[in-house]
Amino acid sequence: MPWPVLDDEEVVRLTRNEVERQNTALQLIASENFASPAVLDATGSVFTNKYSEGYPGRRYYGGNQVVDEVEELARQRVCALFGADHANVQPHSGANANMAVYQALLEPGDTVLGLSLDHGGHLTHGSPVNASGLMYNFVGYRVTASDERIDMDEVMSLAQQHKPKLIVAGATAYPRMIDPAPYRKVADEVGALLMFDAAHIAGLIAGGVHPNPMDVVDIMTFTTHKTLRGPRGGCILTTSEHAAAIDKAVFPGQQGGPQEHAIAAKAVAFAEANTDEFKQYSAQIVANAAALAEVLGQEGFRLVSGGTDNHLMLLDLRTFDEELTGKEAQIVLDEAGITLNRNSIPDDPRSPFVTSGLRIGTPAVTTQGMAEPEMAEIGRLLAKCLRSRDDAAAVAGVREEVRTLCAPFAPYPDL
Ligand code: DSN
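This next bit is on the side chain of Asn-98. Along the chain, the position of Asn-98 falls in helix H4 (residues 94–105). Reaching out from Asn-98, the side chain makes a polar contact with the side chain of Asp-197 at a distance of 2.9 Å. Excluding its chain neighbours within four sequence positions, the residues that come into contact with Asn-98 are Thr-124, His-125, Met-195, Asp-197 and Thr-221.

Below, the discussion takes up the sheet that holds strand E14 (residues 341–343). Within the open sheet, the four strands sit side by side as E11-E12-E15-E14. Their pairing is antiparallel. The strands lining the two open edges of the sheet, one partner per strand, are strand E11 (302–303) and E14. The sheet contact formed by strand E12 (residues 312–316) and strand E15 (residues 357–361) spans five bridges and is antiparallel. Within E15, the position partnered with Leu-315 by the bridge is Leu-358. Sitting on the sheet, helix H12 (residues 326–335) is in contact with E14 and E15, with an inclination near 45 degrees to E15.

Attention shifts here to the site of the ligand. If you check the shell around the ligand, you find Ser-31, His-122, Thr-172, His-200, Lys-226 and Arg-359 and nothing else. Within the side chain of His-122, a nitrogen or oxygen atom sits 2.8 Å from an oxygen atom of the ligand. Here an oxygen atom of the ligand sits 2.8 Å away from a polar atom, N or O, in the side chain of Arg-359. Summarising the interface, the protein chains cover 63% of the accessible area of the ligand, which totals 230 Å² for the free molecule.

In this section: helix H9 (residues 240–254). Helix length check: H9 (15 residues) gives 20 Å between terminal C-alpha atoms against 21 Å at 1.5 Å per residue, within 8%. Of all the residues in H9, the buried ones are His-242, Ala-243, Ile-246, Asp-247, Ala-249, Val-250 and Phe-251. Looking down the long axis of H9, one finds its buried residues gathered within 160 degrees of arc, a one-sided arrangement. Residues of H9 that are exposed and point over 90 degrees away from its buried face: Glu-241, Ala-244, Lys-248 and Pro-252. Considering only its buried residues, H9 is in contact with strand E2 (54–55), strand E4 (86–88), H4, strand E8 (193–197), strand E9 (219–223) and strand E10 (234–238).

Alternating residues of strand E7 (residues 166–169) divide into Leu-166 and Val-168 and Ile-167 and Ala-169, and every residue in both groups is buried. Where strand E5 (residues 111–115) meets E7, two bridges bridge the pair, whose relative direction is parallel. From the neighbouring strand, Val-112 faces E7, where its bridge partner is Leu-166. As defined by bridge partners, E7 adjoins E8 across four bridges and the pair is classed as parallel. For Ile-167, the partnering residue across the bridge sits in E8 and is Leu-194.

This paragraph deals with the pattern of salt bridges. Applying the stated rule across the entire model yields 21 salt bridges. For the salt bridge of Glu-20 with Arg-403, the shortest nitrogen-to-oxygen distance reads 3.8 Å. Linking Glu-20 in helix H1 (residues 9–24) with Arg-403 in helix H15 (residues 392–406), this pair joins segments that are 383 residues apart in sequence. A single network of salt bridges, built from pairs that share partners, joins Arg-59, Asp-68, Glu-71 and Glu-260.

A few words on the side chain of Ser-31. With respect to the element layout, Ser-31 can be found in the loop between strand E1 (26–27) and helix H2 (37–43). One polar contact links Ser-31 to Arg-359, side chain to side chain, over a distance of 3.3 Å. If near-sequence neighbours (up to four positions away) are discounted, Ser-31 is found in contact with His-200, His-225, Lys-226 and Arg-359.

Over its 12 residues, H4 extends 17 Å from the first C-alpha to the last, a length consistent with the 16 Å expected when each residue adds 1.5 Å. Those residues of H4 not exposed but buried are Gly-94, Ala-97, Asn-98, Met-99, Ala-100, Val-101, Tyr-102 and Leu-105.

A contiguous patch of negative charge on the surface is contributed by Asp-7, Asp-8, Glu-9 and Glu-10. Its place among the elements puts Glu-10 in helix H1. Using a relative accessible area of 56% as the deciding quantity, one classes Glu-10 as exposed.

Attention now goes to the environment of Gly-126. Summarising the element assignment, Gly-126 is placed in the loop between E5 and helix H5 (131–135). Once the C-alpha coordinates of Gly-126 and Asp-179 are considered, the two residues, 53 residues apart in sequence, prove to be 21 Å apart. The residues touching Gly-126, leaving out its near neighbours within four places in the chain, are Ser-132, Gly-133 and Phe-138.

Quick notes on the rules
- Residues numbered from 1 in each chain as written.
- Predicted model: local features only at pLDDT ≥ 70, side-chain atom pairs only at ≥ 80, totals over all residues.
- Heavy atoms only, no water.
- Helix = DSSP H or I, 4+ residues; strand = E, 2+ residues; numbered from the N terminus.
- Polar contact = N/O pair within 3.5 Å; in protein donor to acceptor, adjacent residues only side chain to side chain.
- Contact = heavy atoms within 4.5 Å.
- Pairing = 2+ DSSP bridges.
- Axes fitted to C-alpha atoms, helices over the stretch in contact; angles between N-to-C directions.
- Near = heavy atom within 4 Å.
- Areas by Shrake-Rupley, 256 points an atom, 1.4 Å probe, with all protein chains shown as cover.
- Expected span 1.5 Å × (residues − 1).
- Buried < 20%, exposed > 50% of the residue type's maximum accessible area, 1.4 Å probe, protein only.
- Arc of directions from axis to C-beta.
- Salt bridge = Lys/Arg side-chain N within 4 Å of Asp/Glu carboxyl O.
- Patch = residues over 30% accessible without salt bridge, like charges linked within 9 Å, V, L, I, M, F, W, Y side chains within 5 Å.
- Lys, Arg positive; Asp, Glu negative; His and termini not counted.
- Charge placed at Lys NZ, Arg CZ, Asp CG, Glu CD.

Below, the structure is given as structure tokens:
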């Protein structure tokens, strides 16, 4: 029986509207990117039709000959990219990947160290409102008050005091390079396992501009859609020692059927990330972030930690305007076509829903081909919009300037 021909004008219209939004506005959310046409094609492929619980060669359904090949290809490509013994490419998201690692390595109630969410960590690093914090005894480490860098002395002393079974490195709102080596020293000192959540920086690692945690950690998790520029999804890399436990925790522990269309797209993204073009792209992400941070500093914003060495920066709005909250800034900037997210700054006096900060990232604009001159323009437009935020005509004027800036850099001109 044929499929009904609905001529679904509503979804077609909404898809066109979203293409238009992405083509004509600035996407500065640090965890977003523009996937390649090849990644989009694989994501929309017939692999979406297939059930394939289990792993290559060990499935619970028939008909998985081709799926086995595509999942094996993804596993081999990502192991080669990061130098890992074993990969699980099935996690639907970074959160699922992290929870699977905890299930594989921990018993409920076990103690874990993780970066506090309000100092740049992630919900799944032990937030009390997340399953990680409800099931396990997370102890949070922080950045220092003086230089706003991760306080490795505190990590060591908390580890000695609490004797964690696992230490989690990695962040979602931390503008500096995270060196995995000192974490290994702490983990070895107290006999803990070490996991690096590289969701934000997987692309910087693949591109060789940040150190590769797989050289020193037991497990690395990441999402495939941020700096890595693949489809929405997660991945776990591990030494052979933990491979069987990780696979068992992902399926049947946390998930049912894998999304093989996403896995096919992950395979494409892993190949794209293993090219010289991607190395240049990763280096430009960091160069663009540094350039944008410099301009924003000149515009009067305080940069948390004084700057950036990765793909993102955290702005403290209070030096620009004591009254301006992150929430208000996010809303008015969105009206002007400058899309980013409000974010707590370390020891933020405002609530996480309001905040005194903004998080700004350069992965998406770098994919569009923007470079240092465009970063200077973005910094100027952002400051101009916030200075004239009570003037609707001025905000609309910035929207037009953003449209003009984006026109030659549209990521999907043919969609
Ligand atoms: N939501 C992601 C981010 O924006 O950093 C983390 O999961």
